[in-house]
Amino acid sequence: MRSMRALLLAALLVFLGRGGAGERAPCARSGGRQRTLAMIKPDAAASEEEIVALAHRHGLRVVARRRLNLSPAEVRLFYREHRARPFFPSLVSFMTSGPVVALVLEGEDAVPAWRELMGPTNSQTARAVARASIRAQYGTDGQRNAVHGSDSPCSAQREVSFFFGARSLVPIQLRLIFDRMVAMLDAMQRQPAPRPPP
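Residues numbered from 1 in each chain as written. Predicted model: local features only at pLDDT ≥ 70, side-chain atom pairs only at ≥ 80, totals over all residues. Heavy atoms only, no water.

**Some remarks on the overall build of the protein**
If you tally the helices and strands in the protein, you get nine helices and four strands. Shown N-terminal to C-terminal, the secondary structure of the protein runs as helices and strands in the order α-β-α-β-α-α-β-α-α-α-β-α-α. Classification of the 198 residues of the protein by burial places 40% in the buried group. Accessible surface, the protein: about 11600 Å² in total, of which carbon and sulfur atoms supply 56%. (Helix = DSSP H or I, 4+ residues; strand = E, 2+ residues; numbered from the N terminus. Buried < 20%, exposed > 50% of the residue type's maximum accessible area, 1.4 Å probe, protein only. Areas by Shrake-Rupley, 256 points an atom, 1.4 Å probe, with all protein chains shown as cover.)

Printed below as a string of structure tokens:
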């Protein structure tokens, strides 16, 4: 049975390696099933399981998770659009002060759903206008605001690739097919073997 699973996975990877299933597809349109990057920042990394549970309760499923310490170079690359802003040096310092947790979340309208759950950028504002948001509960201020989320499907693709690599996540449709095939193989394995005729 393991060899059959390995064969199925290998076939999917070969398919992806040839550019199948839109590996370099244009950014997903808004609406429908999506994936987004969620990052738990150093100030909230100790609350990882609580934050993941909140995402799950809001219909977002974790399909990949990685806990790591970012280097200053990685932070500068990830947040490169902010490099000219006066807060950039303190952002780099904060993001390298402890571990972060990178998550790929999947669900209906995952990009806007996660952004709504995060709440306003400034945690103090979030406590005033969105008390149930993650930033209101776990953040401190505008920079130490507990979480990051992709702002569009295009950003989500880029950011997921940054943390997990371009080929590391099987597209949603192929993953569903693979999951169904594995379930069928498991069901076949549970059935008793036919007896040979006497």
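**Let's talk about the sheet that holds strand 3 (residues 100-108)**
The four strands are arranged 2-3-1-4 in an open sheet whose pairing can be described as antiparallel. Pairing within the sheet leaves two strands with one partner each, and these edge strands are strand 2 (61-68) and strand 4 (147-149). The average undirected angle you get between the axes of adjacent strands in this sheet is 20°. As paired strands, strand 1 (residues 33-40) and strand 3 are joined by eight bridges and run antiparallel to one another. Across the sheet, T36 pairs through a bridge with L105, a residue of strand 3. Sheet contacts for helix 2 (residues 48-57): strand 1, strand 2, strand 3 and strand 4; angle to strand 2, the most-contacted strand, approximately 160°. (Pairing = 2+ DSSP bridges. Axes fitted to C-alpha atoms, helices over the stretch in contact; angles between N-to-C directions. Contact = heavy atoms within 4.5 Å.)

**Examining the environment of R65**
In this structure, R65 sits in strand 2. A residue is classified by how much of its surface remains accessible, and R65, at 39% relative accessible area, is partly exposed. The spacing of R65 and F163 is 98 residues in sequence and 9.5 Å in space, taken between C-alpha atoms. Those residues in contact with R65 that lie beyond four places of it in its chain are E48, E49, V52, V101, A102, L103 and F164.

**A short note on the side chain of E106**
Here E106 is to be found in strand 3. A distance of 3.4 Å separates a polar atom in the side chain of E106 from a polar atom in the side chain of R33. (Polar contact = N/O pair within 3.5 Å; in protein donor to acceptor, adjacent residues only side chain to side chain.)

**Considering the pattern of salt bridges**
All told, the structure shown has eight salt bridges when counted by the stated rule. In this structure, E106 engages R61 in a salt bridge whose closest nitrogen and oxygen atoms are separated by 2.7 Å. Residue E106 is found in strand 3, and its partner R61 is found in strand 2; the two are separated by 45 residues along the sequence. Residue class for E106 comes out buried when judged on its relative accessible area of 2%. Beyond isolated ion pairs, a larger network of salt bridges with shared partners links R33, R35, R61, E106 and E108. (Salt bridge = Lys/Arg side-chain N within 4 Å of Asp/Glu carboxyl O.)

**A few points about the nonpolar core**
Grouped together as the largest cluster of nonpolar side chains are 20 residues, with contacts concentrated most on L37, M39, L70, Y79, M95, F163 and F164. Sorting the residues of this core by element identifies strand 1, strand 2, helix 3 (72-78), helix 4 (88-95), strand 3 and helix 8 (153-164) as the ones contributing at least two each. Looking at this core element by element, the count peaks at five residues for helix 4. Among all residues touching M39, those that are not within four sequence positions of it are L70, F78, Y79, M95, V100, V101, A146, V147, H148 and F163. Within the second largest apolar cluster, 19 residues are counted, among which are L54, L105, L117 and V147. (Core = buried A, V, L, I, M, F, W, Y, C linked by side-chain atoms within 4.5 Å.)

**Re the confidence of the model for the protein**
The predicted model of the protein has a mean per-residue pLDDT of 84, with 76% of residues at 70 or higher. Predicted confidence for residues 16-25 stays below pLDDT 50, and this span has 13 contacts to residues more than four positions away or in other chains. (pLDDT = per-residue confidence, 0-100.)

**With respect to the packing of aromatic side chains**
Here a ring pair, both rings aromatic, is described through the centre-centre distance and the interplanar angle of the planes. Per the counting criterion, the structure on display carries four aromatic pairs. An aromatic cluster is present here, built from F78, Y79, F162 and F163 joined pairwise through their rings. (Phe/Tyr/Trp six-rings, centres within 6.5 Å; stacked < 30°, edge-to-face > 60°.)

**Quick word on helix 4**
Taken as a whole, helix 4 has its buried residues at F88, L91, V92, F94 and M95. All buried residues of helix 4 fall inside an arc of 165° around its axis, so they share one side. Elements that come into contact with the buried residues of helix 4 comprise strand 1, helix 3 and strand 3. (Arc of directions from axis to C-beta.)

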